[in-house]
Amino acid sequence: MKQKLFPEDELAPGEVRAVAVNGRDILVMRLFDGSYRALRNRCLHMGARLSDGGRIEHLRVAGEGQDYRFTDKCILRCPWHGFEIDVDTGAFVADPKSRHNRTFAVELVDDHVVLDV
Amino acid sequence: MSERELLIDADVHEMLADVEEVYPYLPGHWKDVAAQTYWAGQSVFATGAHNYLWHRSERGDWDAKGASGGTDVDATCGILFDHEGVSIAILNGFFHPGALIGSYEFNAALSSAYNDWQADKWLSKDARFRGSVHVVPNDPRGAVREIERMADHPQIVQVFLPLTYHYEYGDPLYRPIFEAAVKHDLAVAFHHGAHTEVGGRYPRYVAEWHVLAAPCVGMMQLASLVFNGVLDQLPDLGIVMLETGAAWLPWFLWRADENYKEFRWEVPWVKRLPSEQIRAQVRVSTQPIGELPIGDFVRLVEMARCEDVFVFATDYPHHDGDSASTLAPALPPDLRRKIWADNALSVMPRLARSLDPVPA
């Protein structure tokens, strides 16, 4: 079922918002490139509500030796223990073989954010 | 236990009857320093530690058979190979010049002398002995030279590093030692000693020290190797943690994984979960199994999914040493085969190569 949420520009890049759709608690995120993603609004580690302080960040990856660099890819950092969540798959970046959080498709229709629940 | 079952003892302590035994192996200048200066006669076995941290503390039944604190080669062969059923014994020494503070040049000379003494007095006497390269960690270039010097010896299977609170082995300073070990297919073994402090000091009582020193500093160094990326950057490196105990491992794996997920941003050069790195590259000795019931140990192994991690060790000749016969009855055959031999062989390529053909 598709649910129209709010105008595309209502969230700035890097902002997140909790929405309730059909009794589900869902986190809607606007990434730095302006695109949207959505996840179940609970961390699979210890159950933190991700909208209460969760942050969008650039993914860091290993560089040369003990160095690292930022990529364009975004992650969501859980507000409790800082686990990095892959916004595309719902997996923990550090442990992609573990359980994945539920993701939801988001599209933009007539300049509005539409969630597929 | 079948007579043909391969049993590798990862931790045997051969011992100098007197430190003067290494003097003939020292080059002239350092021989003079050892024999004729203020250094002469000082206790190098327990400097700075509790004055009753014995340098001879053999298990009573082994002592009765002539263990002599691990100073007697023939008695050691009789006890380990005949009585205890050990097939291969890896020597880790009890005199660890690499743990002495300062004077790295002299300590390096002592390490080289000890390595030559070990080869002469022990390795050459029985083909079932395997040896360690003792080095001074804070002289990494010298340590690499010593590894290169000893690496061709067919019975040398590992580099020995003293388990100490004072160094953090993940520091890039020490990386050349690990790289040299990998280059020569040598594992790196860690063992505590009288030098091993707990949190930068000695606890007031030996009882506290004996509970804490090896596992606490062992965990500290394991965390250092994991989070500084040593294991990730050297995937062929095998690490053997000796006498650090067993029961902390499940907690450590869970906690290290959890903190990796939490702080991966700080150490993005770490590419695998700590538990994956440890299961693949780190081995932990079963000794001291102590009062842990063997059935509980088996459950612990299952709980932590670390059936590939533990290696058998006697800690001969020390008073808290273990016998394979104590563990054997309660170990399922598959797990026993892993702990007896397979787990050690999988991270110690030189050991594996030296067993071709496997001795009966």
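Now for a quick tour of the structure. (Residues numbered from 1 in each chain as written. Chains lettered and ligands numbered in written order. Predicted model: local features only at pLDDT ≥ 70, side-chain atom pairs only at ≥ 80, totals over all residues. Heavy atoms only, no water.)

**Description of the overall build of chain A**
Along its length, chain A carries zero helices and nine strands. For 117 residues, the compact-globule estimate of 2.2 N^0.38 gives 13 Å, and the C-alpha radius of gyration of chain A, at 14 Å, lies within 12% of that figure. Considered along the principal axes of its C-alpha atoms, chain A spans approximately 45 × 30 × 25 Å. When burial is assessed residue by residue, chain A has 42% of its 117 residues classed as buried. Sequence-distant contacts in chain A: of pairs separated by 6 or more residues, those separated by 24 or more amount to 43%. By element, 46% of the accessible surface of chain A is carried by carbon and sulfur atoms, the whole surface being about 6000 Å². Across chain A, the mean location of the 17 positive side-chain charges is 7 Å away from that of the 19 negative side-chain charges. (Helix = DSSP H or I, 4+ residues; strand = E, 2+ residues; numbered from the N terminus. Rg over C-alpha atoms; globule rule 2.2 N^0.38 Å. Buried < 20%, exposed > 50% of the residue type's maximum accessible area, 1.4 Å probe, protein only. Contact = heavy atoms within 4.5 Å. Areas by Shrake-Rupley, 256 points an atom, 1.4 Å probe, with all protein chains shown as cover. Lys, Arg positive; Asp, Glu negative; His and termini not counted. Charge placed at Lys NZ, Arg CZ, Asp CG, Glu CD.)

**With respect to the environment of Leu-163 of chain B**
Residue and element names in this part refer to chain B. Here Leu-163 shows up in the loop between β4 (156–162) and α6 (175–183). Note on Leu-163: relative accessible area 0%, which makes it buried. Distance in space between the C-alpha atoms of Leu-163 and Ala-189 is 9.0 Å, their sequence separation being 26 residues.

**Side note on the packing of aromatic side chains**
Residue and element names in this part refer to chain B. The tally for this structure, following the rule as stated, stands at 17 aromatic pairs over all chains. On the basis of an interplanar angle of 55° and a centroid distance of 5.4 Å, the ring pair of Phe-81 and Phe-129 is categorised as tilted. Remark: Phe-129 occurs in strand β3 (residues 129–134) and Phe-81 occurs in helix α3 (residues 73–83); sequence separation between them is 48 residues. Grouping residues by exposure puts Phe-81 and Phe-129 together as buried. Ring centres 5.3 Å apart and planes at 50° place the aromatic pair Phe-312 and Trp-340 in the tilted group. Residue Phe-312 is located in the loop between β8 (310–311) and α12 (324–327), and its partner Trp-340 is located in helix α13 (residues 333–347); the two are separated by 28 residues in the primary sequence. Each member of the pair, Phe-312 as well as Trp-340, is classed as buried. These aromatic residues form a ring-pair network of at least three members: Tyr-167, Tyr-169, Tyr-174 and Phe-190. (Phe/Tyr/Trp six-rings, centres within 6.5 Å; stacked < 30°, edge-to-face > 60°.)

**Focus: the pairing of β3 of chain B**
All names here are of chain B. Most of β3 is tucked away: six of the six residues are buried. Residues Phe-129, Gly-131 and Val-133 point to one face of β3 and Arg-130, Ser-132 and His-134 to the other, with burial holding for every one of them. Strand direction decides the pairing type here: strand β2 (residues 88–91) and β3, joined by two bridges, are parallel. Within β3, the position partnered with Ala-89 by the bridge is Phe-129. Taken together, β3, helix α5 (residues 140–150) and β4 constitute a β-α-β crossover, and its handedness is right-handed. (Pairing = 2+ DSSP bridges. Right-handed = clockwise from strand over helix to strand, strands pointing away.)

**Things to note about the nonpolar core**
All names here are of chain B. Membership of the largest hydrophobic core comes to 92 residues, with the highest contact counts inside it found for Val-22, Phe-178, Phe-190, Ile-239 and Phe-310. Of all the elements, helix α4 (residues 104–123) adds the most residues to this core, at nine residues. In contact with Ile-239, not counting residues within four places along its chain, are Phe-178, Val-188, Phe-190, Leu-225, Leu-231, Gln-281, Val-282 and Arg-283. Membership of the second largest hydrophobic core comes to 18 residues, among which are Leu-6, Ile-88, Met-348 and Leu-351. (Core = buried A, V, L, I, M, F, W, Y, C linked by side-chain atoms within 4.5 Å.)

**Describing the pattern of salt bridges**
Residues and elements named next belong to chain A. A full pass over the atoms with the stated rule returns 29 salt bridges over all chains. Across the pair Arg-37 and Asp-88 runs a salt bridge, and its minimum N-O distance is 2.6 Å. Residue Arg-37 is found in strand β4 (residues 36–40), and its partner Asp-88 is found in the loop between β7 (84–86) and β8 (103–109); the two are separated by 51 residues along the sequence. Overall, Arg-37 belongs to the partly exposed group, its relative accessible area being 24%. Among the residues examined, Asp-88 registers a relative accessible area of 40% and is labelled partly exposed. Asp-52 is paired through a salt bridge with Arg-49; the nearest N and O atoms lie 3.7 Å apart. On the accessibility criterion, Asp-52 (52% relative accessible area) is exposed. (Salt bridge = Lys/Arg side-chain N within 4 Å of Asp/Glu carboxyl O.)

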